[in-house]
Amino acid sequence: MALSSDAFGWVSDLVRRRSAIQLPVGKEYLVESRLLPLARQHGLNDVKAFVVMARSRNEERLLRGIVEALTTNETSWFRDNTPFVALHQKIVPDLLAARPRPAHLKVWSAACSTGQEPYSLAMVLTEALPPQVTFEILATDLSQQVLDRARTGRYSQLEVNRGLPAPFMVRYFNRVGAEWEINRTLRSRVTFRQHNLLDPAPVGKVDMVLLRNVLIYFDLPTKQAILRRMAGVLADDGILLLGAAETTIGVDATWDRVQFGSGSAYRKLATQPAPCSSNVVGLSGQVPTQAGPPGLAVRTGPPTAPFIPPRGGHS
Ligand SMILES: C[S@@+](CC[C@H](N)C(=O)[O-])C[C@H]1O[C@@H](n2cnc3c(N)ncnc32)[C@H](O)[C@@H]1O
């Protein structure tokens, strides 16, 4: 049975409050197709009946499952290619030029999905960095399901076919049965943690942030708030990389666009504009039991010093 507007409104409100993902009217088909497997897991062939059950039970596990099902986890190796070429040829060499040796680069891959992005980055850094320069990558996502997959470091043939150059497959992967597994050294460079972009940043200062193909799901105030947060964690000469369809232009005036070949990245402006009033985002960790007001609630937290936070700090 098709979702009623009331049931659709409940789902879209839940997802917006917990993730900021926007599900405007017209996305009913998406909600139905994403929730059908969950409904079936609970012995129901009908999404409407599943939503009625989830609303009445109000169990954390069910609500989380609904939000996770509505995330879009599309990703691939070296996605769009240009940023990774720019990283190798220009961004990383420029960053390092001003750093004394030995140096250590810290990178945050926010919204990393199933891991192709941070592992691609780890391959590029391994290739690009001179001796005496080490690196670590913190890779985060809202979805526990994609993080569980990412941590295994295992990918099907179909998945490795999506953008992974053959020489990198030979250098960084081992065959395990029908799958391909990232080697131990590369895996040790990436730490996966659950993190909601609506929460205070889980890192101290970093040299680069990859925030790719996730801002597209948010409304303008949320994009602004997240970009301001990113400015707060980036080193003064740090680099922000967004997805090909994303930009800071017309969103947040904190950034300077830097052209790298046919692609672009962003640096913080030397003089930061005054904090914008939209630096307020919703509280996904504490979930209101009833719909809050439109717009999102203030969420603040203590400053986070260590680059990679201890386990269990965030959920
Ligand atoms: C389309 S994928 C992008 C993956 C990768 N960055 C890339 O460009 O290939 C978007 C990811 O953002 C995550 N996401 C959505 N809302 C989020 C939020 N509020 N906090 C953290 N991650 C979120 C989703 O779970 C999903 O894995």
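For the structure itself, consult the block above.
For the structure given in this document, a descriptive report is provided here.

What counts, and where the lines are drawn
- Residues numbered from 1 in each chain as written.
- Predicted model: local features only at pLDDT ≥ 70, side-chain atom pairs only at ≥ 80, totals over all residues.
- Helix = DSSP H or I, 4+ residues; strand = E, 2+ residues; numbered from the N terminus.
- Buried ≥ 20, exposed ≤ 12 C-beta atoms within 10 Å, placed from the backbone.
- Contact = placed C-beta atoms within 7 Å.
- Pairing = 2+ DSSP bridges.
- Axes fitted to C-alpha atoms, helices over the stretch in contact; angles between N-to-C directions.
- Core = buried A, V, L, I, M, F, W, Y, C linked by C-beta atoms within 7 Å.
- Domains from an automatic or database assignment.
- Arc of directions from axis to C-beta.
- Near = placed C-beta within 6 Å.
- Nonpolar A, V, L, I, M, F, W, Y, C, P; charged D, E, K, R; others polar.

### Some thoughts on the overall build of the protein
Looking only at helices and strands, the protein features 11 helices and 10 strands. The buried share of the protein, reckoned over its 315 residues, is 39%. The long-range fraction of contacts in the protein, counting pairs at least 24 apart against all pairs at least 6 apart in sequence, stands at 76%.

### Observations concerning the sheet that holds strand β4 (residues 173–176)
Through backbone hydrogen bonds, the strands of a sheet pair up, either in parallel or in antiparallel fashion. Read across the open sheet, the 3 strands follow the order β3-β5-β4; overall the sheet is antiparallel. Every interior strand has two partners, whereas the edge strands, β3 (154–156) and β4, have only one. In this sheet, neighbouring strand axes are inclined to one another by 35° on average, regardless of whether the strands run parallel or antiparallel. Taken together, the 4 bridges between β4 and strand β5 (residues 179–182) define a ladder with antiparallel strand orientation. Bridge pairing in β5 links V176 to E179.

### Regarding the pairing of strand β10 (residues 263–268)
Sheet topology note: the strand β9 (residues 255–260)/β10 ladder contains 6 bridges and is antiparallel. By the bridge assignment, D256 is partnered in β10 with R267.

### A closer look at the nonpolar core
Of all hydrophobic cores here, the largest spans 79 residues; its most connected members are V209, L211, M230 and L240. When residues of this core are sorted by domain, at least three fall in each of domain 1 (5–69) and domain 2 (82–268). Dropping the residues within four chain positions of it, V209 is found in contact with W108, A110, M230, V233, L234 and L240.

### Focus on the environment of K205
Its place among the elements puts K205 in the loop between β6 (190–194) and β7 (206–211). Considering only alpha carbons, one finds K205 and A231, 26 residues apart in sequence, at a separation of 9.9 Å. Setting aside residues up to four positions removed in sequence, K205 forms contacts with V233 and A235.

### Regarding helix α7 (residues 144–152)
Residues V146, L147 and A150 constitute the buried set of α7. Along the long axis of α7, the arc covered by the buried residues comes to 100°, so they all point the same way. Residues of α7 that are buried make contact with β2 (133–141) and β6. In the stretch just after α7, G153 is the one whose phi turns positive, near 65°.

### Overview of the site of the ligand
Of all residues adjacent to the ligand, which total 25 residues, the nearest are T71, T75, A111, L142 and N213. Here the shell around the ligand is composed, by residue class, of 10 nonpolar, 10 polar and 5 charged.

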